[in-house]
Amino acid sequence: MAVCKSKKKRALLCPSAAQACFAEAFCEAAVLSASDSAPMARKFIVGGNWKCNPKTYKECNELLRGWKKSLPMVDRSAVEVVICPPALWLTSFTETFEGLGMGVCAQNCSKTDAGAFTGEWTAANLVDLGLQWTLLGHSERRSLYGETDEDVALKVEKCQAAGLNVILCIGEKLEEREAGKTDEVNKRQLGACLPKIKDWDKVVIAYEPVWAIGTGKVATPEQAEETQKAIRAYLSQAVSSAVAEKVRIQYGGSVNPENCAELIKQPNIDGFLVGGASLKPSFMDIVKTVGPSKMVDVWPAYESKMEKEGCNQAAIDAFKYNYGVLASGADVMLPESKLDPVDSLPTFEKLKVKPDARLLKKTLILKLNGGLGTGMGLEKAKSLLEVTEGNTFLDLIAQQVAWMKKEFKTDLKFMLMNSFATSADTLEALKKYTDLGTGSDLEFVQNKAPKVTASDLTPASWEKDSSHEWCPPGHGDLYPAMLGSGTLDKLLKKGYRYMFVSNSDNLGATMDLKILTHFVQSEAPFMMEVAERTDADKKGGHLAQSKAGGLLLRESAQCPEADEKEFQNTSKYKFFNTNNLWVDLRALKNLFRKFDGALPLPVMKNSKTVDPRDKASTKVLQLETAMGAAIQCFPGASALVIPRSRFAPVKTTNDLLALRSDAYQLTEDFRIVLKEERDGVPPDVKLDGMYKFTDAMEKMIPNGAPSLVGCKKLVVEGEVTFAKDVVIKGTVTIKNTSGGSKEVPSGTYEDTTKEL
Ligand SMILES: O=C(CO)COP(=O)(O)O
C-alpha cells in the first residue's frame, strides 16, 4: 500500500518589528502540523470499539493517559485512529481525543429522524455535537438487537444525509463460512446499503467475521485477505473500480499486538476494528505497528548522539518531545473553533496592590542572552551592541540591577541564560560589575539540539565541521536548561520562589515591585505581560482563550488559512506577548513532574542548510520552542496588560536607529523608554536594505541619529548620510537614486518626500 506522506505546511510570517521580540526566532519557521495529507492511496485506519466498556469513567481516562506516551511513535500521516466509546461518554472525551489526535466514533445511531423514538439518537444529533463518525451494523447489533440489513441501510442513508462518516460492519457467521457462504453474506449485507451511498468518502467498511469476534480465533492473514479482496471486487463490479480502489476496508475480530503485523501486510487490509485489545494500554502497539513513526527506528541514534555530546537528561527529554512531535506529525493547528478571544485583563495602571519589597528576596531576575547579533551583522552576543552614550545592552542591564539594589535596599538575585556562543564574551564584559556575581551564580547555559536531516529525519551529520550538526533550541529551552543545569533546584533550595524573565534586548523590562506583588498575591503559577496589538502587530501572534480552558498563544503558522482574517483582527484578539514573563518556580518544578520531564510546548520547525553559509549543503530542520507558549501548560496562568514603556525590543537597525534618537530617553533607573509625547508609539523607521548591518547604519549617522521625537514614519531609500541637526516630523521619505552617497542637509523635514 502506498501512503502519501505529503504534508501541507505554511511558513510563519515575519512579525512586525514591535512583536519581533517574540517571534524572531521563528521567522522562516513553521509550526509542526500533520494537517490534511491528501492521500493518493488509501490511508490506514484503526478503530477501537470499546463496546459497553470500561466500567467507569475513571478507567477510560487512565487508558487515554497511558496511550499518550506512545503517540510520538505513531506517524499520523500514515494512520488515522478513531475510538468508539459508549454513547454516554461520547462528548465528555472529545477534547482529550483531539489532544491525542484521534477521532471519536459513536457505536450506533437511529434509522429515523428526530421524533418520539425513546432511547434513540439521530445521525444529525451526533453531527450537532461535533462528532464525525459512527459504527453501523456491528454484528452484536444485528444478532442481539435484531437489526436487519434494511435497518442498517436506512441508518446509512441518515448518516449520508447528515454528513456523518460511517464504519459499516459486515461479516459472516461460522456456519455461513463453513457452508461456503462468506462472500454471499458480505455481498448481501453490503448490497443492501449500496443504493443509499452517494458519498463514498464518508464510508469505511469493516469486515468482521462473527466467529472471530471476541473469541481469540483470528482469521488468518490469507483468509482475511481473500475475503476483503472479494469485497473490493464486488464493489468494483457493483459500484465502480474507482470506488473499489479508494474505499478502506478494515479487518476486525481478535486483532491484537501480536497478530496485527502479518495482517496489515495484506494488500486489501487497510486497518483494523479492534474490540477487546482496544481496552488495553497495548492498543497503541497495534496503531504503532500499522503506522510507525521515525521515532521507533531513529530515536536511539539521537539519544546516543546527545549522550556522547554530554547533553543532560532534561535536554534529551525536551528534544525527544520535540522530535516526537515532528516524527508523528501531530496536529497543533489552532482554528477559530477552538478559541475565544480574551476580552478583558487586569491592566498595570489599575493594579491596586501595595508593593511588598520583601518579595524581592525570593525573586530571581533573569535575562535571556543567548542571541547572537548575526541578523545585524555582529559576530558576538547581541547584547554587546552599543545602544546609547557608549553603553551596551549589558552595561545598561548591569546598571539597572545596581540601581534596583540601591533603590530597594536589598540584594537582588540576577542571572543570565547564555548560549555557548555568548557565554565567554558576556562574562568578560560583565567582569567590571563585580557585585553582579560570577560563574554559575551569574549564568546558566542554554542547551544545544541536534539538527534533523530534512529528507529522512535522521540526525544531520557534517564531517567538515561537526559543530554545524547542533543548533540552539529556541528560548523555550529556558525551562529544560534551568532544570538540567541544576539551577532550578539550587534556586528552590535557597528559597527563591519567583522568576521575572525578559529578553536582554528589551531595556524597558525591569523589575517592577507592583507587578511582582500582584503576581504573588494572585497565586497564578505563570503570568505574561501583554501589550495591546496595533495594526503594525497584526501579523504577529496573539493571546487567546482555549475553549478547553486556559490561556494560550497562537502564532501565525498555527492558524489555518481560512481563519487568517480573524487572526489579524486586532479588535478581536487584542493582546500580544511581550516576552516579559513571571514564573512561580515551584509550579514549574511540579509541571516537570506532571509531564515526565518535558513541557509539551508547540514545536516550530526552522528550515535551513546544515552549514548556514553553504546553501548547497544538506537541508536540515531545526526544532525550536518559545518560552511564552508555556502559558498553555500552567493551569491558572494569567496575563497583565502593560504600557508599551515596558516593551522596547531591538531586532533590526530600524529599531536601533529609533532607540538612539531623541524619541527615547534614558531614565534614572537606566531604562530606555519612549518619551511621553510619543504616547507609547515608537517611530516607524524603514531603512534601505543596505543598512541592515550596524556598521553601515553607523556610517549613515556620523553625527548621531536625526531627531525623531516628532516622527511618525521615516523611510530611507538609497545611500545617504545625515548631517548634524536633522529633524524629522510626521511621515518623511528620503530618496537618493543617484547611485552614489548623498548628504541629508541640516534642517527640518515634515510630511515630505525629499529627493537628494
Ligand atoms: O467486534 C469487534 C470490533 O468491533 C472485534 O472485537 P474483538 O477484537 O474483541 O474480537
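Residues numbered from 1 in each chain as written. Predicted model: local features only at pLDDT ≥ 70, side-chain atom pairs only at ≥ 80, totals over all residues. Heavy atoms only, no water.

For the protein chain, an unreviewed UniProt entry supplies the name UTP--glucose-1-phosphate uridylyltransferase and the organism Durusdinium trenchii. Note on the protein chain: under the UniProt heading Pathway (unreviewed entry), the record states "Carbohydrate biosynthesis." (UniProt positions renumbered as here; feature names shortened; annotations may be inferred.)

For the rest of this paragraph, the subject is the sheet that holds strand β32 (residues 726-735). Two strands in a sheet stick together by hydrogen bonds in their backbones, pointing the same way (parallel) or opposite ways (antiparallel). Pairing within the open sheet is parallel, and its four strands lie in the order β29-β30-β32-β34. Either end of the sheet is taken by a strand with one partner, and the two such strands are β29 (684-686) and β34 (747-755). On average, each strand axis in the sheet is inclined to that of its neighbour by 15°, with strand direction left out of account. Bridge analysis of β32 against β34 gives eight bridges, and the strand direction is parallel. Directly across from I728, in β34, lies its bridge partner Y749. (Pairing = 2+ DSSP bridges. Helix = DSSP H or I, 4+ residues; strand = E, 2+ residues; numbered from the N terminus. Axes fitted to C-alpha atoms, helices over the stretch in contact; angles between N-to-C directions.)

Most of strand β23 (residues 575-584) sits out of view: ten of its ten residues are buried. Relative to β23, strand β19 (residues 498-503) runs antiparallel, the two being bridged by four bridges. Bridge assignment links M499 to a residue of β23, and that residue is V583. Note that strand β20 (residues 526-532) and β23 share seven bridges and pair antiparallel. Paired with E532 across the two strands is F575, which belongs to β23. (Buried < 20%, exposed > 50% of the residue type's maximum accessible area, 1.4 Å probe, protein only.)

Glancing now at the site of the ligand. In the vicinity of the ligand, 13 residues are found, and the nearest of them are K51, H138, G214, S254 and G276. Within the backbone of G214, one N or O atom sits 2.7 Å away from an oxygen atom of the ligand. When the ligand is considered free in solution it has 310 Å² of accessible area, and contact with the protein chains removes 95% of it. (Near = heavy atom within 4 Å. Polar contact = N/O pair within 3.5 Å; in protein donor to acceptor, adjacent residues only side chain to side chain. Areas by Shrake-Rupley, 256 points an atom, 1.4 Å probe, with all protein chains shown as cover.)

Another point: the sheet that holds strand β10 (residues 339-340). Strand order in the open sheet formed by three strands is β10-β21-β22, and the pairing between neighbours is antiparallel. Lying at the two open borders of the sheet, with one neighbouring strand each, are β10 and β22 (551-554). Sheet topology places strand β21 (residues 542-546) next to β22; four bridges connect them, and they run antiparallel. If you follow L543 over to β22, its bridge partner there is L553.

Under the counting rule described, the total for this entry stands at four cavities of 30 Å³ or more. Taken as a whole, the largest cavity spans an internal volume of roughly 170 Å³. For the largest cavity, the lining is made up of 21 residues, of which A318, F319, N322, D477 and P480 are closest to its centre. At the level of elements, α14 (313-328) and α18 (478-484) are the ones that each hand at least two residues to the lining of the largest cavity. Top element by residues in the lining of the largest cavity is α14. It accounts for five residues. The residue inventory of the lining of the largest cavity, partitioned by class, reads 14 nonpolar, five polar and two charged. Estimates place the volume of the second largest cavity at around 60 Å³. Taken together, K413, M415, S440, D441, T487, K490, L491, K494 and Y496 make up the lining of the second largest cavity. Per-element accounting of the lining of the second largest cavity gives the leading share, three residues, to helix α19 (residues 487-493). (1 Å grid on protein atoms, 1.4 Å probe; cavity = no way out; pocket = protein on both sides within 12 Å on 5 of 7 lines; lining within 4 Å. Points joined across faces, edges and corners; volume = space filled by probe spheres on them. Nonpolar A, V, L, I, M, F, W, Y, C, P; charged D, E, K, R; others polar.)

This part covers the environment of T289. Examined against the element boundaries, T289 turns out to sit in helix α12 (residues 283-290). A relative accessible area of 30% places T289 in the partly exposed class. In this structure the C-alpha to C-alpha distance between T289 and A261, which are 28 residues apart in sequence, comes to 6.2 Å.

What follows deals with the nonpolar core. Membership of the largest hydrophobic core comes to 71 residues, with the highest contact counts inside it found for M511, L516, M700, L714 and F722. Per-element tally for this core: the top contributor is helix α15 (residues 393-408), with nine residues. In contact with F722, other than residues within four places in its own chain, are M700, I701, P702, N703, P706, L714, V716 and V744. In terms of nonpolar packing, the next biggest core, distinct from the first, is built from 66 residues, V46, W67, L190 and A277 among them. (Core = buried A, V, L, I, M, F, W, Y, C linked by side-chain atoms within 4.5 Å. Contact = heavy atoms within 4.5 Å.)

Our focus in this paragraph is the packing of aromatic side chains. Enumeration over the complete set of coordinates arrives at 15 aromatic pairs. Measuring from ring centre to ring centre gives 6.2 Å for Y57 and W89, while their planes differ by 50°; the resulting arrangement is tilted. Taken together, the positions of Y57 in helix α2 (residues 57-68) and W89 in the loop between β3 (79-84) and α3 (94-100) put the pair 32 residues apart, joining distant regions of the chain. Measuring from centroid to centroid gives 6.1 Å for F319 and Y323, while their planes differ by 25°, and the two rings are stacked. Of this pair, F319 and Y323 both sit in helix α14, four residues apart, which is roughly one turn of the helix. (Phe/Tyr/Trp six-rings, centres within 6.5 Å; stacked < 30°, edge-to-face > 60°.)

Let's shift gears to the confidence of the model for the protein chain. Mean pLDDT over the protein chain works out to 91, with 94% of the residues at or above the 70 mark. Low pLDDT, under 50, characterises residues 1-40; the stretch is placed with 131 contacts to residues that sit more than four places away or in other chains. For this predicted complex, the interface score ipTM comes out at 0.99, alongside a pTM of 0.83. (pLDDT = per-residue confidence, 0-100.)

The next point concerns the packing of helix α6 (residues 149-162) against helix α8 (residues 182-193). Where α6 contacts α8, the two axes come as close as 7 Å, and the packing angle between them is 40°. With respect to their mutual orientation, α6 and α8 come out oblique. In the crossing of α6 with α8, the sense of the turn from one axis to the other is right-handed. For the pair α6 and α8, contact is made by D149, V152, A153 and V156 and by R188, Q189, A192 and C193, respectively. Looking at the contact of α6 with α8, its residues break down into five nonpolar, one polar and two charged. (Parallel < 35°, antiparallel > 145°, perpendicular 65-115°, else oblique. Left-handed = near helix turned anticlockwise from the far one by under 90°.)

With that settled, the discussion passes to helix α13 (residues 294-308). Given a rise of 1.5 Å per residue, 15 residues ought to cover 21 Å, and the 21 Å separating the end C-alpha atoms of α13 matches this to within 8%. The principal kink in α13, of about 25°, is found at P300. Residues of α13 that are buried: M295, V298, W299, Y302, K305 and M306. Where α13 is buried, its residues meet α14, β16 (449-450), β17 (452-453) and β18 (470-471). (Expected span 1.5 Å × (residues − 1). Bend = angle between axes of the 7 residues up to and from the residue.)

This paragraph deals with the pattern of salt bridges. Applying the stated criterion to the full structure yields 38 salt bridges. Where K158 meets D113, a salt bridge forms, and the shortest distance between an N and an O atom there is 3.3 Å. Linking K158 in helix α6 with D113 in the loop between β4 (103-106) and α4 (123-128), this pair joins segments that are 45 residues apart in sequence. D489 is the partner of K589 in a salt bridge, and the nearest nitrogen-oxygen pair spans 2.8 Å. With K589 in helix α22 (residues 585-594) and D489 in helix α19, this pair connects stretches of sequence that are 100 residues apart. By relative accessible area, K589 is classed as buried at 18%. What emerges from the salt-bridge pattern is a single network uniting R42, R232, E245 and D270. (Salt bridge = Lys/Arg side-chain N within 4 Å of Asp/Glu carboxyl O.)

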